[in-house]
Amino acid sequence: MADEPIEIDIPLVRRLIAAQFPRWADLPVRPVAHGGWDNRTFHLGDQMTVRLPSAAQYALQVEKEQRWLPKLAPQLPLPIPTPLALGGPGEGFPWRWSVYQWIEGDPARKERIPDLNEFAGTLAGFLNALRRIDAEGGPAPGPHNFFRGASPAVYDDETRRALDLLKGRIDTAAATEVWERALASQWEQAPVWFHGDVAWGNLLLHDGRLSAVIDFGTSGVGDPACDLAIAWTLLEGESREVFRDALSLDRDTWARGRGWTLWKALILVAGIGGAVPAEVEKAWKTLDEVLADHARSG
């Protein structure tokens with residue numbers, strides 16, 4: 001059953017709610033405008049959302065979020081998702097799923113951010129607070145988060161394949177240098193909490209300012225370098241420097257951050273990641289930013 005395509009739609013959500021949480025059965029269900037890909041998200045009334053994993057590999061994240069988000073939330077300077085209920089398999093759906101408190105906000109598209117430097121500083125403050133939280137017993141890198149928090153070397157074969165496919169289309173010598181620089185070090189300190197997917201769609205704005213951080217599905221404890229990709233996918237110029245200065249991470253960690261960003265951009269532009277054209281176009285821009293930044297700062 002879990003290997004077959006599953007249609008996750010409004011009727012399914014209504015059936016699951018009616019069967020498992022009948023107190024909410026009369027609330028309207030409608031899709032969230034930016035419902036994600038790894039999970040499908042729906043409004044449940046005006047104050048809640050239903051979040052269902054779209055495949056077995058994402059189902060591993062459900063109980064992790066249920067367990068850890070309530071422990072992280074009180075120690076963070078911005079709101080994060082609040083689990084309200086844990087659903088189980090049923091109605092033809094094979095995995096656990098969650099009901100969350102709805103968080104208002106607009107996804108952090110660059111054109112919606114009037115002061116990118118302020119945004120960068122606020123985001124760095126959030127990530128600093130996350131890193132300071134006691135990581136004892138937290139989820140180590142593994143299949144549940146696609147090995148975020150481990151060495152980027154876990155994707156070495158995939159990255160080398162992408163570089164081969166892109167010969168003649170990019171500066172493969174420079175990209176290889178970025179990649180090998182990322183593999184030349186490792187996180188030497190105690191494991192720390194990281195988000196794992198600090199991307200514009202998981203950062204919410206209110207009046208143009210960062211107001212909440214969502215989707216902790218790839219979170220865990222380990223090397224925080226994977227959280228640095230936003231420096232090249234959204235930030236630029238002075239705002240990137242604000243972000244870097246506020247985080248106070250060493251050059252090796254930044255090199256690994258470039259490596260994580262390079263890997264994702266390469267597989268998208270090489271056609272390995274199965275992305276839609278808009279994502280591929282953004283990946284080309286990200287690749288240019290990574291290579292240019294490496295050339296400037298090494």
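Scroll up to find the structure.
Summarised in this report is the structure supplied together with it. (Residues numbered from 1 in each chain as written. Predicted model: local features only at pLDDT ≥ 70, side-chain atom pairs only at ≥ 80, totals over all residues. Heavy atoms only, no water.)

1. Some details on the overall build of the protein chain
Scanning the protein chain from terminus to terminus reveals nine helices and 10 strands. For 298 residues, the compact-globule formula gives about 19 Å, and the C-alpha radius of gyration of the protein chain, at 19 Å, lands near that figure. Looking at the protein chain as a whole, 50% of its 298 residues are labelled buried. Long-range contacts, defined as pairs at least 24 residues apart, comprise 70% of the intrachain contacts of the protein chain with a sequence gap of at least 6. For the protein chain, the accessible area works out to roughly 13,900 Å², and carbon and sulfur atoms hold 50% of it. Put simply, the protein chain has 31 plus and 41 minus side-chain charges, and the middle of one group is 1 Å from the middle of the other. (Helix = DSSP H or I, 4+ residues; strand = E, 2+ residues; numbered from the N terminus. Rg over C-alpha atoms; globule rule 2.2 N^0.38 Å. Buried < 20%, exposed > 50% of the residue type's maximum accessible area, 1.4 Å probe, protein only. Contact = heavy atoms within 4.5 Å. Areas by Shrake-Rupley, 256 points an atom, 1.4 Å probe, with all protein chains shown as cover. Lys, Arg positive; Asp, Glu negative; His and termini not counted. Charge placed at Lys NZ, Arg CZ, Asp CG, Glu CD.)

2. Re the side chain of Asn 39
Mapped onto the elements, Asn 39 comes out in strand E2 (residues 39-44). With relative accessibility at 5%, the residue Asn 39 sits in the buried group. Setting aside anything within four residues of it in sequence, one finds Asn 39 in contact with Arg 51, Leu 52, Pro 53, Ser 54 and Gln 61.

3. Things to note about the pattern of salt bridges
Summed over all chains, the structure comprises 16 salt bridges. A salt bridge links Lys 110 to Glu 236; the nearest nitrogen and oxygen atoms lie 3.2 Å apart. With Lys 110 in the loop between strand E6 (106-107) and helix H3 (116-132) and Glu 236 in the loop between helix H6 (230-233) and helix H7 (237-247), the pair connects residues that are 126 residues apart, well separated along the chain. You can call Lys 110 partly exposed: its relative accessible area is 34%. Glu 236 sits in the partly exposed class, given a relative accessible area of 38%. For the salt bridge of Arg 258 with Asp 293, the shortest nitrogen-to-oxygen distance reads 3.1 Å. Remark: Asp 293 occurs in helix H9 (residues 277-297) and Arg 258 occurs in helix H8 (residues 251-269); sequence separation between them is 35 residues. Judged on exposure class, the residue Arg 258 and its partner Asp 293 are both buried. (Salt bridge = Lys/Arg side-chain N within 4 Å of Asp/Glu carboxyl O.)

4. Considering H8
Spanning 19 residues, H8 covers 27 Å between terminal C-alpha atoms, matching the ideal 27 Å at 1.5 Å per step. H8 sits mainly inside the fold: 16 of its 19 residues count as buried. Near the N-terminus of H8, the side chain that reaches the backbone nitrogen of Asp 252, with its oxygen 3.0 Å away, is that of Asp 250. The positive-phi residue at the C-terminal boundary of H8 is Gly 271, with phi of around 85 degrees. (Expected span 1.5 Å × (residues − 1). Polar contact = N/O pair within 3.5 Å; in protein donor to acceptor, adjacent residues only side chain to side chain.)

5. What to know about the sheet that holds strand E4 (residues 83-87)
Ordered in space as E1-E2-E3-E5-E4, the five strands form an open sheet in which the pairing is antiparallel. Sheet topology places strand E1 (29-31) and E4 at the edges, where each strand pairs with a single neighbour. Each adjacent strand pair in this sheet contributes to an overall mean axis angle of 25 degrees, direction not counted. Relative to E2, E1 is paired through three bridges, and the arrangement is antiparallel. Looking at E2, one finds that Pro 31 is bridged to Phe 42. (Pairing = 2+ DSSP bridges. Axes fitted to C-alpha atoms, helices over the stretch in contact; angles between N-to-C directions.)

6. Side note on H3
Note: α-helices contain 3.6 residues per turn, so residues at a spacing of three or four share the same orientation. The terminal C-alpha atoms of H3, which comprises 17 residues, lie 24 Å apart, in line with the 24 Å expected from a rise of 1.5 Å per residue. Regarding H3, the residues found buried are Leu 116, Phe 119, Ala 120, Leu 123, Ala 124, Phe 126, Leu 127, Asn 128, Ala 129 and Leu 130. Against helix H2 (56-72), strand E7 (192-194), strand E8 (203-206), strand E9 (209-213), H6 and H7 lie the buried residues of H3. Between a side-chain oxygen at the N-terminus of H3 and the backbone nitrogen of Asn 117 the separation is 3.2 Å; the capping residue is Asp 115.

These values are about where atoms sit, not about what they do.
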